[in-house]
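# Examination of the molecular architecture
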Amino acid sequence: MNSPLEPNGKCTVLVVDDTPDNLSLMSGLLRADYKVKLAPSGERALQIVAGESKPDLILLDIMMPDMDGYEVLRRLQFNPETEDIPVIFLTAMSASDDETTGLELGAVDYITKPINPAITLARVRNHLQLKRARDLLAHHNHYLEQEVARRTRQVAELQDVTIRAMASLAETRDNETGNHIRRTQHYVEALARKLQNHPRFAEELSEAAIAMIFKSAPLHDIGKVGIPDRILLKPGPLTPEEFEVMKTHTTLGLEAILSAERETTQDNPFFRYAKEITYSHQEKWDGSGYPLGLVGNTIPLSARLMAVADVYDALISVRVYKPAYSHEQAVQIIQDGRGSHFDPDMVDAFLTLSEEFRRIALRFADGEPALHQEADRMAADLPAEAIETIVLDTRK
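These numbers were taken from a predicted model, which means no experiment stands behind them.

### Considering the overall build of the chain
When helices and strands are tallied, the chain shows 16 helices and five strands. Across the 396 residues that make up the chain, the buried fraction comes to 43%. Contacts in the chain between residues at least 24 apart in sequence constitute 66% of all its contacts with a sequence separation of at least 6.

### Description of the packing of aromatic side chains
In this structure the tally under the stated criterion is nine aromatic pairs. Ring centres 5.5 Å apart and planes at 45 degrees place the aromatic pair Phe89 and Tyr110 in the tilted group. With Phe89 in strand 4 (residues 87-91) and Tyr110 in strand 5 (residues 109-112), this pair connects stretches of sequence that are 21 residues apart. Assessed through its relative accessible area of 0%, Phe89 is described here as buried. Clustering of aromatic rings is evident, with ring pairs tying together Tyr187, Tyr312, Phe350 and Phe357. The side chain of Lys322 reaches across the aromatic face of Tyr325, ending 5.0 Å from its centre.

### Section: the sheet that holds strand 4
A sheet is described by the order of its strands in space; here five strands give the open sequence 2-1-3-4-5, paired in parallel fashion. The open sheet has two edge strands, strand 2 (35-39) and strand 5, and neither has a second partner. On average, each strand axis in the sheet is inclined to that of its neighbour by 20 degrees, with strand direction left out of account. The pairing of strand 1 (residues 12-16) with strand 3 (residues 57-61) spans four bridges and is classified as parallel. Note on strand 3: the bridge partner recorded for Val13 is Leu57.

Calculation criteria
Residues numbered from 1 in each chain as written. Predicted model: local features only at pLDDT ≥ 70, side-chain atom pairs only at ≥ 80, totals over all residues. Heavy atoms only, no water. Helix = DSSP H or I, 4+ residues; strand = E, 2+ residues; numbered from the N terminus. Buried < 20%, exposed > 50% of the residue type's maximum accessible area, 1.4 Å probe, protein only. Contact = heavy atoms within 4.5 Å. Phe/Tyr/Trp six-rings, centres within 6.5 Å; stacked < 30°, edge-to-face > 60°. Lys NZ or Arg CZ within 6 Å of the ring centre and 35° of its normal. Pairing = 2+ DSSP bridges. Axes fitted to C-alpha atoms, helices over the stretch in contact; angles between N-to-C directions.

Don't take any of this as a statement about function, it's just geometry.
Given below as structure tokens:
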């Protein structure tokens, strides 16, 4: 397709007029400098414009039978593929009202019959130069939009990788893996989407909010970097004093995120959710959690989502202080925590999603099937009171 963007090609000018002599005159005037297409009617003009090679400029007679120039212009303007083609009216009219009508419809100019060759060539040239400038600007803007989108994706990917890398430093200290981070991210996302239309949560769980919760979820245990190994890696039950130290990982995590937030100059919703999840994911619905003992809806929504996701993954995973439970055992434990540990509506949503949680766990498994099979066997042999004791000592 020839266009003003092709400096070595001729622009295409379509002349529309029901008078053969006028078509011949315009063709002779323009063909030395432009590729000229001729249409003896409005209908034929629309057929030409609908073709693969669209004109760069249209010279359009107003007074034509069947379909006048105004109607042709209306149809061109209605079509997104042709609305940007500049149209100059050819008219014997001189009334300003007629000119006003055409300009309001979208015509860029008028050439009055009988035509003046010099004026006609000058106006055609000027409007093609204007179209060239518009096309170049549109092309440049499109390129910039694509470039901004590409750079934005790169920055977002770098942020995600950096966040996961930071979180992994904490997770690997107590023998957890990067896959724990991925699993909990996807559990949280699945649960949030399930609740997105729930009356209690719809207003807060927008697409943007879910995306930020997903992005910030890996940082939930970043504060573990400040917990001594003798406590974090202890294979047996923690003493009350040791548990008090373990509980500080929520405060340490919050302080780390606050420190990062102070280094920024703009508000970022990421920090809001990162702070909520890191500081409050150990709170419990009945107020028995930590660090503040928050109750019910005073616990941030993102933290309540994280609580379900984190406990489920802790239950089905091997830890230094416990074997892995089966999926069915984990589901039952979370169900038993409805209204005490967890938001009741979130537990109800989790129960409908439990098989999706299982699929996420398998998708991001740690790659140690033999170990997990043995852990499942050990868990199956545990008496109920032993399971209850280990649940209370999840250390998460």
